[in-house]
Structures are given as structure tokens and as C-alpha cells.
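The lines below spell out each chain.
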Amino acid sequence: MKTKIAAGLVGMCIAIPALIFIQWPVLDVLLMIFAALAAFELCTVTGTKNKAMIITATVAAPLTLLLMAQAQFRPFGLGMFPLMLLVGLLLVVLFLAQFKKTTFQHLMFACMAAFVVPAAAATFLLVRNLFFDDAGRIVAIFAVLIMLTCAWLTDAMAYFSGKAFGKRKLCPNISPNKTWAGAIGGVLCTTVINLLLTAAFIPMVGDAMDSFAYILVGVTSLILCPIAIMGDLLASTLKRNLGIKDFGKIMPGHGGALDRFDSLLLVAPTTWAGVSVLLALTGGVL
């Protein structure tokens, strides 16, 4: 437990400066490191011995994230297609060259590591980049903070709610400890915390946020928190299918990079999709 708490404190010491200096490349670099770590975890967790495939996916992942985070390349513009084609063909060649020790599952996991996971993480930066100026710094911090609370606090609040009131299991075959009471409590508690954060941020941004922000944050939380639970269950299903407890061991007591960011990989794309729809409805330019 002490190791888990210590690792959590170290994570906070990294996350807080990244939020404060959100318009600096700090967040970009951290997410690129995450993409590389996640790619390595996804490739090695299946037991593949194809080192060339592991290296290719691990190198391609941060490049995919970097390009996807640029407005001119999204979602799969001309800047993205050559990289995806080149890396995809290379992975296929490496698969065929070492087919005796490489399965089709290894190839699919490598493709997911090189493209899917970093593309999902890139939407985190796309949301941040909408407010990439001095006037929008506080709004950017707020938007990113809401995504983090929905992804991480929901699980913590669900744990405590489940311990106090949980009886009926949510998905016993996937995650025996999760209960319906815990899930509902996690969603409601996180929504309340997000509304309190809204009250704290409104005075900082003046006219940029008004009373409508409470409605927007409340509805957003009620959507993103259940999606965060789905992300956690999806990761648990994958680990059960692979017969592993964690994706990695880089964070003592917390597992690997993917173990801490599994919920965020669904929360961030959903947030970006919602922002895109709002911008389209209000006449914004994507």
C-alpha cells in the first residue's frame, strides 16, 4: 500500500506541473512517452518474440500521436496517411518474415499499439489545443482537468461507494469487485466534484464561462463517467483474455502505463467528439 501511495504522489508531482504549464510542450512530451510505453506494453504482453515488430510499433506510436495532435493532419489527412501506410506495410513485412514466431494476434496488437492507442491519446491534446493562447490557458486547464477527473476519480469514488453500499455485482465475470451501487456512486460523486471545480474556475475566466457552464459540465460528467467505467472494464476484459494481471510494471502498485490510462483512452476521444459537435452546431471551424 505504501508503494502504491508513493507512486501515486510521484504521478501527481508530474501531472500538476503539466497542468500549470499546459501550453508548453510538457504535456505533449509526457503523452509521447506514454504512447511509446503503451506500445511496448501492448506488443510484449502477448508474448511475441519479434523484436523488430516491437521496436517499429514503439517508435511509430509517439510519431502517430505527434501528427494526430496537429490540426492540419486530423483526422487522417495527407500528413497521416504516408506514416500509417509505411508503418503498416513494415509491420506486415516483419510479420511475414518471422511468421514462425509471430502470430496474427501479435500483428494486430502491434497495429493497435502503433495507431489506435496514440490516436486516442492525441485527442487529449486536440482538446487542449482549442485554447492554445494566453487568454484560454485557464479554460484549457479546466477542460483537461474535467477529463482527468472523469477518467480517474470515477474509479476511486466507485471503489468507496461500492465498499459502503455495493451488493449487486456490475460485471462479475469481468471485474468481481465492481458493483452497480459503486458505479452509480462513482458517477454521481465525480459529477458533484466537477460542479465544484466549475464554481472555482468561473471567477478566473470571467465572461468566458457563465451559468451555462454548470449545465454543460454536469451533462458532460454524466456522459464521460460511465464511459470511463466502460474503458476500465474493456481493459479488464483484455487482461483476462491474455491471462495477465497488469499490462506492465513501470508504476509500482499501479501496473503499467495502460493500466493508469485505460479509461482516459475512451474519455478523451469522446470529449473531442462532443467538442467537435458543439463547435459545428455553434458555427465553429474544426
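So, how was this worked out
Residues numbered from 1 in each chain as written. Predicted model: local features only at pLDDT ≥ 70, side-chain atom pairs only at ≥ 80, totals over all residues. Heavy atoms only, no water. Axes fitted to C-alpha atoms, helices over the stretch in contact; angles between N-to-C directions. Helix = DSSP H or I, 4+ residues; strand = E, 2+ residues; numbered from the N terminus. Parallel < 35°, antiparallel > 145°, perpendicular 65-115°, else oblique. Contact = heavy atoms within 4.5 Å. Nonpolar A, V, L, I, M, F, W, Y, C, P; charged D, E, K, R; others polar. Expected span 1.5 Å × (residues − 1). Bend = angle between axes of the 7 residues up to and from the residue. Buried < 20%, exposed > 50% of the residue type's maximum accessible area, 1.4 Å probe, protein only. Salt bridge = Lys/Arg side-chain N within 4 Å of Asp/Glu carboxyl O. Phe/Tyr/Trp six-rings, centres within 6.5 Å; stacked < 30°, edge-to-face > 60°. Core = buried A, V, L, I, M, F, W, Y, C linked by side-chain atoms within 4.5 Å. pLDDT = per-residue confidence, 0-100.

Structural notes on the packing of helix H3 (residues 51-68) against helix H4 (residues 80-97)
- Interhelical geometry of H3 versus H4 gives an angle of 170° and a closest axis separation of 11 Å. Viewed along their axes, H3 and H4 adopt a mutual orientation that is roughly antiparallel. Residues Ala52, Met53, Thr56, Ala57, Ala60, Leu63, Thr64, Leu67 and Met68 of H3 lie in contact with H4, whose contacting residues are Met80, Leu83, Val87, Leu90, Leu91, Leu94 and Phe95.
- In terms of residue class, the contact of H3 with H4 is built from 14 nonpolar, 2 polar and no charged.

Points about helix H5 (residues 104-129)
- Under the 1.5 Å per step criterion, the end-to-end length of H5 is 37 Å for 26 residues, consistent within 8% with the ideal 38 Å.
- Remark: the principal bend of H5, roughly 40°, maps to methionine 112.
- Counted residue by residue, H5 has 20 buried out of 26 residues, so it is predominantly covered.

Quick word on the pattern of salt bridges
- If you walk through the whole model with that rule in mind, you get 5 salt bridges.
- Salt bridges sharing common partners tie together Asp155, Lys178 and Asp232.

A look at the packing of aromatic side chains
- This structure, assessed with the given rule, holds 5 aromatic pairs.
- Aromatic pair phenylalanine 142 and phenylalanine 201: ring centres 5.1 Å apart, planes at 55°, arrangement tilted. Here phenylalanine 142 is found in helix H6 (residues 137-165), whereas its partner phenylalanine 201 is found in helix H7 (residues 180-205), with 59 residues between them in sequence. Just as phenylalanine 142 is buried, phenylalanine 201 falls in that class too.
- Through a chain of ring-to-ring contacts, three or more aromatic side chains come together here, namely Phe34, Trp152 and Phe261.

Quick look at the environment of lysine 51
- Examined against the element boundaries, lysine 51 turns out to sit in helix H3.
- Distance in space between the C-alpha atoms of lysine 51 and leucine 94 is 9.5 Å, their sequence separation being 43 residues.

Focus on the nonpolar core
- Ranked by internal contacts, the top residues of the largest apolar core, which has 75 residues, are Phe34, Leu91, Phe124, Met147 and Leu258.
- Among the elements that take part in this core, H5 stands out by supplying 16 residues, more than any other.
- Filtering out sequence-adjacent residues up to four positions away, phenylalanine 124 remains in contact with Leu27, Leu31, Val144, Met147, Leu148, Leu264 and Ala268.

Regarding the environment of lysine 100
- The topology assignment puts lysine 100 in the loop between H4 and H5.
- For the pair formed by lysine 100 and asparagine 50, sequence separation is 50 residues and the distance between their alpha carbons is 9.9 Å.

Focus: the packing of H5 against H6
- At a minimum axis separation of 8 Å, H5 and H6 run at an interaxial angle of 150°. The pairing of H5 with H6 is recorded here as roughly antiparallel in orientation. Here Phe124, Val127 and Arg128 of H5 lie close against H6, whose contacting residues are Ala140, Ala143, Val144, Met147 and Leu148.

With respect to the environment of phenylalanine 165
- Here phenylalanine 165 is to be found in helix H6.
- It is 8.8 Å that separates the C-alpha atoms of phenylalanine 165 and threonine 179, two residues lying 14 residues apart in sequence.

Observations concerning the confidence of the model for the chain
- Here the chain shows a mean pLDDT of 86. Residues at 70 or above account for 86%.
- At the level of individual helices and strands, the chain shows its lowest average pLDDT in helix H1 (residues 2-20), which scores 60, and its highest in H3, which scores 94.
- Note on residues 1-5: pLDDT under 50 across the span, and 4 contacts to partners over four residues away in sequence or across chains.

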